[in-house]
Structures are given as structure tokens and as C-alpha cells.
Amino acid sequence: MSTDSGIPDYRGPQGLWRREPDAEKLVTYEYYMADPEIRRRSWLMRAEVWAAAPRPNAAHRAVAELERGGTPVRVVTQNVDGLHQLAGMPARKVFELHGSARSVVCTGCNARTGLEEALARVSAGEPDPACLACGGILKTATVMFGERLDPEVLAQSVAVAKGCQVFIAVGTTLQVQPAASLAGMAAEAGARLIIVNAEETPYDALADEIVREPIGTALPALLSRIAAG
Ligand SMILES: [Zn+2]
């Protein structure tokens, strides 16, 4: 969804994790908490992504437009970039299963601050900025490997999957659980399942429609067809 906005793809065939397996440590809770060098590199990675000031692309805009046009839309996403909200989706209708990289949380006292503030401290010479309130280790408010999903966000996402009429799985190989299972839940509950992904997924057999074309063009076309009823 966000690769057209310059956000790196992590798990796809050209994904960061496959090209640079060591990069996975930067978002693995155990390594992050144990090693200041991992934290330094992790902040640099965030800084690099945000320095490019990623903007919503045509696919994000098409989703927000569908919602504005009166079709009730809920977004369940594994992305942490906040681009759906920037495109105009109301935040309460976006369920971020893997949290948000736009906020920073203290692992000691749970205080929340903005990403900009932390990155400003990094660029001012603090490679691993500590919480200003308690001195604890700061991290982005993302769900790292080794952390649990927020049970409330997951429950809301399950409710969306079970209650929707059309479930569109976009740009996911549907291999990471429990997010992937939402597609199956939706289909089982009677939703029309549409999969928009370049590669095969384990849920293709359940799908009513499969779209292999690039998301940036395919999703806007698909959504305007849905809006037209
Ligand atoms: Zn703190």
C-alpha cells in the first residue's frame, strides 16, 4: 500500500528483511531493549524513512475518497506510517494492528511523545534518546517482533472482518498471523473476499476475486467500481 509513497516493503520478495536479514533485529524487542547499538541503528532507520516526508499515494486517497462518498469504510492495516489518516481517513476508522511509528512510547513509564521530537534529539546528537520523564528506553509505538498485538485493536479488527460485506486484502502475502486470518474470517462470515496482491496468497482459493495488477492503479479502479455499486 505504501511502497508508492517511498515506505520500504519489509516482507515482500524485494523486502528489506530478505535483502538484509540483520535489519530484522532493529525491530525485534529483545535485541532493541538489550543493545544500545541496535537502538541507534533503529532510530537512524526511522530518520531515513521520515526524512523523505512520505505522502499518501493514489491508493490511500482512493480509500479515503470511498469513505467520504458515503460508503462505510474501515481500514485494518499492518502499516505503521499513518498515511491512511493523512489521506483523510478518520483515525477512529483505522485499526493499526502493528501500532504507529508516528508516536514514541517510553518502555519504562509508558509516556507518549511524537516521533519528530525523538528524531530531533537524534539529529542533535543523542543516538539513543532516553525518556525525559523517567530515563527509560524510548521506542516507536509500533509492535515489534516479540511484542503482543494490542488486544483491543485486534478485537476491533476481528469485528470489522466478521461484520463487513466486502473485505479487500491489499498488498499482503497474508502470511503473518493473526492479521492474515481476518481474510478467512470475513469470507466465512459471508463477505465478498477480494485479494489485491502481486503474488499468490494462502487465501486465494477462498477469494471471490483476485487482482494481480499494481495497487496504485488497481485499487482506485476497484474502489470506484464498488462505490458505483
Ligand atoms: Zn519514561
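So, here is what we can say about the structure in this document. As the structure is a prediction and not an experimental result, all values here were calculated from the model.

1. Here we look at the overall build of the protein chain
Argument step 1. For the protein chain, the helix and strand inventory stands at nine helices and eight strands.
Argument step 2. A compact globule built from 229 residues should have a C-alpha radius of gyration of about 17 Å, and the protein chain, at 18 Å, falls within 12% of that.
Argument step 3. Across its three principal directions, the C-alpha atoms of the protein chain cover 55 × 30 × 30 Å.
Argument step 4. With 229 residues in all, the protein chain has 46% of them scored as buried.
Argument step 5. Total accessible area computed for the protein chain in this model is approximately 11,700 Å², and 52% of it derives from carbon and sulfur atoms.
Argument step 6. With 23 positive and 27 negative side-chain charges, the protein chain shows a separation of 4 Å between the mean positions of the two kinds.

2. Quick notes on helix 7 (residues 151-163)
Argument step 1. The terminal C-alpha atoms of helix 7 lie 18 Å apart, and with 13 residues this matches the ideal 18 Å at 1.5 Å per residue to within 8%.
Argument step 2. The complete set of buried residues in helix 7 reads Val153, Ser157, Val158, Val160 and Ala161. Taken down its axis, helix 7 places every buried residue within 160° of arc, on the same side. Projecting away from the buried face of helix 7 at angles above 90 degrees are the exposed residues Pro151, Glu152, Lys162 and Gly163.
Argument step 3. Close packing links the buried residues of helix 7 with strand 1 (75-77), strand 2 (94-96), strand 6 (166-170) and helix 8 (181-188).

3. Section: the packing of aromatic side chains
Argument step 1. With the rule as written, the count across this model stands at zero aromatic pairs.
Argument step 2. In this structure, Lys25 packs its charged tip against the face of Tyr31, placed 5.0 Å from the ring centre.

4. Regarding the environment of Ala207
Argument step 1. Within the secondary structure, Ala207 is located in the loop between strand 7 (192-196) and strand 8 (209-211).
Argument step 2. Between the C-alpha atom of Ala207 and that of Ala191, which follows or precedes it by 16 residues, the distance is 9.9 Å.
Argument step 3. The residues touching Ala207, leaving out its near neighbours within four places in the chain, are Leu193 and Ile195.

5. What about the coordination of the zinc ion?
Argument step 1. Donor atoms from the polypeptide that coordinate the zinc ion comprise Cys106 (SG), Cys109 (SG), Cys131 (SG) and Cys134 (SG), at 2.3 Å from the metal.
Argument step 2. Its four donor atoms give the zinc ion angles of 98 to 114° at the centre, a pattern that matches the tetrahedral case.
Argument step 3. Classification of Cys131 as buried rests on a relative accessible area of 8%.
Argument step 4. Judged by relative accessible area, Cys134 falls into the partly exposed class, the value being 42%.

6. Side note on the pattern of salt bridges
Argument step 1. Under the criterion given, the structure shown has eight salt bridges.
Argument step 2. Between Arg40 and Glu37 there is a salt bridge, with its nearest N and O atoms 2.8 Å apart. Within this pair, Arg40 and its partner Glu37 are both found in helix 3 (residues 36-51), separated by three residues, close to a single helical turn.
Argument step 3. For Arg40, a relative accessible area of 31% gives the class partly exposed.
Argument step 4. Using a relative accessible area of 37% as the deciding quantity, one classes Glu37 as partly exposed.
Argument step 5. The closest approach of N and O atoms between Arg212 and Asp204, which form a salt bridge, is 2.8 Å.
Argument step 6. Judged by relative accessible area, Arg212 falls into the partly exposed class, the value being 32%.
Argument step 7. Salt bridges linked by common partners bring Arg192, Glu209 and Arg225 together as one network.

Cut-offs used in this document
Residues numbered from 1 in each chain as written. Predicted model: local features only at pLDDT ≥ 70, side-chain atom pairs only at ≥ 80, totals over all residues. Heavy atoms only, no water. Helix = DSSP H or I, 4+ residues; strand = E, 2+ residues; numbered from the N terminus. Rg over C-alpha atoms; globule rule 2.2 N^0.38 Å. Buried < 20%, exposed > 50% of the residue type's maximum accessible area, 1.4 Å probe, protein only. Areas by Shrake-Rupley, 256 points an atom, 1.4 Å probe, with all protein chains shown as cover. Lys, Arg positive; Asp, Glu negative; His and termini not counted. Charge placed at Lys NZ, Arg CZ, Asp CG, Glu CD. Expected span 1.5 Å × (residues − 1). Arc of directions from axis to C-beta. Contact = heavy atoms within 4.5 Å. Phe/Tyr/Trp six-rings, centres within 6.5 Å; stacked < 30°, edge-to-face > 60°. Lys NZ or Arg CZ within 6 Å of the ring centre and 35° of its normal. Donors = N, O, S within 2.8 Å, 3.2 Å for Na, K, Ca; no water. Tetrahedral: all angles 85-135°; square planar, octahedral: opposite > 155°, others 65-115°. Salt bridge = Lys/Arg side-chain N within 4 Å of Asp/Glu carboxyl O.

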